[in-house]
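# Tertiary structure, described
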Amino acid sequence: MNPPVTGKNLRSLMPALLNKRYFNYGGQGPLPIPSLQAIQNSWQRIQELGPFTNDVWPYVLAELNSTKKALANTCGVSINRIALTENVTSGCILPLLGLPFKPGQRLLISDSEHPGIVSACIELARRQQLEIDILPVQQLRKGVDEHKDVDILLVNELERKLKPSTKLVVISHLLWNTGQIIPIKNIAEILLAHPSRPYLLVDAAQSFGQIPVATAANNADIYAFTGHKWACGPEGLGGVAISQRVLEEGSPTLIGWRSLKNESIINLEQIDPFHSDGRRFEVATSCIPLLAGLRSSLELLDQEGEETSRLKRIQSLSYSLWSKLKALPEINCILQGPPPAGLVSFTIPHSKSPKRMVRLLGQEGIWIRDLENPICLRACVHVTSECSEVHSLARNIEKVLKRL
Ligand SMILES: Cc1ncc(COP(=O)(O)O)c(C=O)c1O
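Keep in mind it's a predicted model, so treat the numbers as computed, not measured.

### Brief notes about the domain arrangement of the protein
Each domain of the protein was delimited in the assignment, giving domain 1 (8–30 + 306–403) and domain 2 (47–297). Using C-alpha coordinates to define each centre, domain 1 is positioned 28 Å away from domain 2. Counting residues at the interface gives 25 residues for domain 1, matched by 23 residues for domain 2. Take the side of domain 1 that touches domain 2: its biggest share by element is four residues, from helix α12 (residues 307–326).

Structure, rendered in structure tokens:
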């Protein structure tokens, strides 16, 4: 039997965790020292080889390939379905804007999506004369749901909201506001049976690096993630797993030399100059040293334990925080049952300001964030969190509430 996951080794490698109590993994994960060193080493190697020489290209190619392989492995998809991006948003938007919509078709967007993605959908709808419908999921607040009521409610809601002309559904794998996990495979199955075969775009900002993602990534058309949140990699590097259908039916959008089969020459007669794999959605020069940083962080996470064991530890910490907060008289936890992952959102009385709570906790060296929709506070625990931190957070929330 594997020893229980403690996260201790990884924690000891993260300078960001040594002098504060950190609960903003959903905003950005701390970067471990070995990942920082891997970035530095890679940068140095590129300079030694010569940044633009025939000597450096095999190194760059090997870096790109081994990173895509690692990401493809985590997502359980073949390497040709992966495109490297800078962040979650570009992973969602680059393939989205190239989908073949017709005027009058409809986009069904969950009510818990990130403003960047929602605004891109609104602009897309304006340009291509599409209509937008909203799928209510914020109300699904059961948390860990042994009876699968969440799945049933969601499926009912989806079937109610899907129209014959719906061509795209946009939803997150793990909702950034409530912390509820969405059963992506169930949604994909419904869409597959729907007459208009809507595409499924999944925002994986909060799932990648935290919960197992392979089933969802395999069932989505666009599964977009970043390395800089739960995977604890550097900011500026993300990726997207793209279905074979979108690779075949979607056009490249932000086009550059990396999208091209032959990057050095293009003639006007060429009909389809673009790669047919994930590179179709890659653009141009990007920061190669970050690749080594992300691989290092993914390896360090794996060394702490395999995905499901890590999630068990995260769940035990989030359960502990959720129970402590639930016991405080002025706090309402957003989820009615234990959190299925590491996001714990809660409200404080209307008369008290969440922003002030964030500021006052920050003065104690404790970092959480507030959210606008619904207005609430959110604390995240990861495999590197400690029980003592969770105690301290709950105690300080209680203390600060009296000062608000
Ligand atoms: C659900 C969700 N989507 C998208 C984003 C934006 O991420 P990025 O800056 O990597 O595009 C965030 C960031 O918090 C998020 O939580």
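### Some remarks on the site of the ligand
Around the ligand, the surrounding shell holds 13 residues, and the nearest of these are Asn87, Val88, Thr89, His114 and Ala205. When its residues are assigned to classes, the shell around the ligand shows three nonpolar, nine polar and one charged.

### Remarks on helix α11 (residues 289–304)
Taking 1.5 Å of rise per residue, 16 residues should cover 22 Å, and α11 covers 24 Å from first to last C-alpha, within 8% of that figure. Residues of α11 that are buried: Leu290, Leu291, Ala292, Gly293, Leu294, Arg295, Ser296, Ser297, Leu298, Leu300 and Leu301. Contacts from the buried residues of α11 go to α1 (8–12), α3 (33–49), α4 (57–75) and α12. A positive phi of about 150° marks Gly305, the residue just after α11.

### Here's the deal with the sheet that holds strand β9 (residues 332–333)
The strand order across the open sheet formed by four strands is β9-β10-β13-β12, and the pairing between neighbours is antiparallel. Lying at the two open borders of the sheet, with one neighbouring strand each, are β9 and β12 (369–372). Two strands pair when backbone bridges link them, and β12 and strand β13 (residues 375–380) are joined in this way by four bridges, in the antiparallel orientation. Paired with Arg369 across the bridge in β13 is Arg378.

### Re the nonpolar core
Across soluble globular proteins, you tend to see nonpolar side chains buried next to one another. If you look at the biggest cluster of nonpolar residues, it comprises 108 residues, and the most contacted ones within it are Val170, Leu201, Val202, Ile222, Tyr223 and Leu321. When residues of this core are assigned to domains, at least three fall in each of domain 1 (8–30 + 306–403) and domain 2 (47–297).

### Some details on the packing of helix α13 (residues 354–363) against helix α14 (residues 387–403)
The interhelical angle for the contact between α13 and α14, taken along N-to-C directions, is 120°, at an axis separation of 10 Å. Between α13 and α14, the angle falls in the class oblique. Here α13 and α14 pass one another in a crossing that is right-handed. Taking contact as the criterion, the partners of Met357, Leu360 and Leu361 in α13 are, on α14, Asn396, Val400 and Arg403. By residue class, the composition of the contact of α13 with α14 is four nonpolar, one polar and one charged.

### Remarks on the sheet that holds strand β3 (residues 106–110)
Here we have seven strands laid out as an open sheet, ordered β2-β8-β7-β6-β5-β3-β4, and mixed in their pairing. Each edge of the sheet is formed by a strand with only one pairing partner; in this case those strands are β2 (82–85) and β4 (131–135). Within this sheet the neighbouring strands show an average axis-to-axis angle of 20°, counted without direction. Relative to strand β6 (residues 199–203), strand β5 (residues 166–172) runs parallel, the two sharing five bridges. Among the inter-strand pairings, Ser172 is bridged to a residue of β6, identified as Asp203. The sheet contacts of α4 involve β2, β7 (222–226) and β8 (238–242), and relative to β2 the element is tilted by about 115°. Sitting on the sheet, helix α5 (residues 88–96) is in contact with β2, β6, β7 and β8, with an inclination near 155° to β7.

What counts, and where the lines are drawn
Residues numbered from 1 in each chain as written. Predicted model: local features only at pLDDT ≥ 70, side-chain atom pairs only at ≥ 80, totals over all residues. Domains from an automatic or database assignment. Contact = placed C-beta atoms within 7 Å. Helix = DSSP H or I, 4+ residues; strand = E, 2+ residues; numbered from the N terminus. Near = placed C-beta within 6 Å. Nonpolar A, V, L, I, M, F, W, Y, C, P; charged D, E, K, R; others polar. Expected span 1.5 Å × (residues − 1). Buried ≥ 20, exposed ≤ 12 C-beta atoms within 10 Å, placed from the backbone. Pairing = 2+ DSSP bridges. Core = buried A, V, L, I, M, F, W, Y, C linked by C-beta atoms within 7 Å. Axes fitted to C-alpha atoms, helices over the stretch in contact; angles between N-to-C directions. Parallel < 35°, antiparallel > 145°, perpendicular 65-115°, else oblique. Left-handed = near helix turned anticlockwise from the far one by under 90°.

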